[in-house]
Amino acid sequence: MKSIILIGMPSSGKTYVGEALAKSLQRPFIDLDDVFIERVQRTPQEVVKQDGHELFRRLETECLASVADIQDAVISTGGGIVTEERNRPYLEKNIIIYVKRELDDLDVEGRPLAKGLSAAALFAERRSLYESWSHYEVENHDAEQAVADIRRLLNL
Ligand SMILES: Nc1ncnc2c1ncn2[C@@H]1O[C@H](COP(=O)(O)OP(=O)(O)OP(=O)(O)O)[C@@H](O)[C@H]1O
Ligand SMILES: O=C(O)C1=C[C@@H](O)[C@@H](O)[C@H](O)C1
Ligand SMILES: [Mg+2]
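Everything quoted here is computed from the prediction, not taken from an experiment. (Residues numbered from 1 in each chain as written. Chains lettered and ligands numbered in written order. Predicted model: local features only at pLDDT ≥ 70, side-chain atom pairs only at ≥ 80, totals over all residues. Heavy atoms only, no water.)

What follows deals with the UniProt feature "binding site: substrate" (unreviewed entry) in the protein. The sites that carry the UniProt feature "binding site: substrate" (unreviewed entry) are, in the present numbering, Asp33, Arg57, Gly79 and Arg126. Among the structural elements, aspartate 33 can be located in helix α2 (residues 32-40). On the basis of relative accessibility, which here comes to 38%, the residue aspartate 33 falls in the partly exposed class. With respect to the helices and strands, the residue glycine 79 is situated in the loop between β3 (74-76) and α5 (88-92). Residue glycine 79 is classed as buried on the basis of its relative accessible area, which comes to 12%. Filtering out sequence-adjacent residues up to four positions away, glycine 79 remains in contact with Gly8, Met9, Pro10, Lys14, Arg126 and Tyr130. (UniProt positions renumbered as here; feature names shortened; annotations may be inferred. Helix = DSSP H or I, 4+ residues; strand = E, 2+ residues; numbered from the N terminus. Buried < 20%, exposed > 50% of the residue type's maximum accessible area, 1.4 Å probe, protein only. Contact = heavy atoms within 4.5 Å.)

See below:
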């Protein structure tokens, strides 16, 4: 079966819910941030700081391409994955779930967000992308509930 791939705002719970979902389904969990660090030997933040946003996005696409054909996994992505149209075909090889969380609940304090924008500004820019690129949407108030909702939506 295709992998389940989670998209959504920074800190919306893609990793948290993804890990719980993988455990519940007894499937491998892949976090694209970990793939990035392993391939590039630097964190996304280091690359942005040292070499700029564009290189970070190019390397992120390479990381996505490297996992896009893996079957049966749960994959969480970085919040900005929807900002590059070239990422869409890789995401679409999989089942795409938009993980939603109240803006006020996003724990973005002190985190370097893309382009130095606030979470509200990023959300305004990306909301329609998360909505239109995803096959399903799930609220993350409570991780167990989000896992149950995804399992129900996908009949798993
Ligand atoms: N349902 C939840 N209940 C309690 N804590 C949560 C829940 N969802 C997420 N968190 C917490 O919120 C923070 C952000 O979650 P997480 O790291 O999973 O977000 P993310 O979408 O993967 O972020 P990023 O875009 O940076 O990868 C973490 O500290 C996580 O433990
Ligand atoms: O949402 C984004 O565009 C980003 C989120 C951060 O986790 C980092 O990956 C980087 O700052 C970009
Ligand atoms: Mg994450």
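From this point, things continue past the structure.
Now for the environment of lysine 23. Note that lysine 23 resides in helix α1 (residues 14-25). Sequence separation between lysine 23 and valine 99 is 76 residues, and the spatial gap between their C-alpha atoms is 17 Å.

Let us now look at the UniProt feature "binding site: Mg(2+)" (unreviewed entry) in the protein. UniProt marks Thr15 with the feature "binding site: Mg(2+)" (unreviewed entry), using the numbering shown here. Residue placement: threonine 15 occurs in helix α1. For threonine 15, the residues in contact, after removing those within four places along its chain, are Phe29, Asp31 and Ser76.

The environment of ligand 1 is made up of 16 residues, and the closest members are Lys14, Thr15, Tyr16, Arg111 and Asn140. Taking glycine 13, its main chain carries an N or O atom lying 3.0 Å from an oxygen atom of ligand 1. In the environment of ligand 1, a nitrogen atom lies 3.3 Å from a nitrogen or oxygen atom belonging to the backbone of alanine 143. Look at ligand 1: alone it shows 630 Å² of surface, and the protein chains cover 72% of it. Per-element accounting of the shell around ligand 1 gives the leading share, three residues, to α1. Considered class by class, the residues forming the shell around ligand 1 number four nonpolar, seven polar and five charged. (Near = heavy atom within 4 Å. Polar contact = N/O pair within 3.5 Å; in protein donor to acceptor, adjacent residues only side chain to side chain. Areas by Shrake-Rupley, 256 points an atom, 1.4 Å probe, with all protein chains shown as cover. Nonpolar A, V, L, I, M, F, W, Y, C, P; charged D, E, K, R; others polar.)

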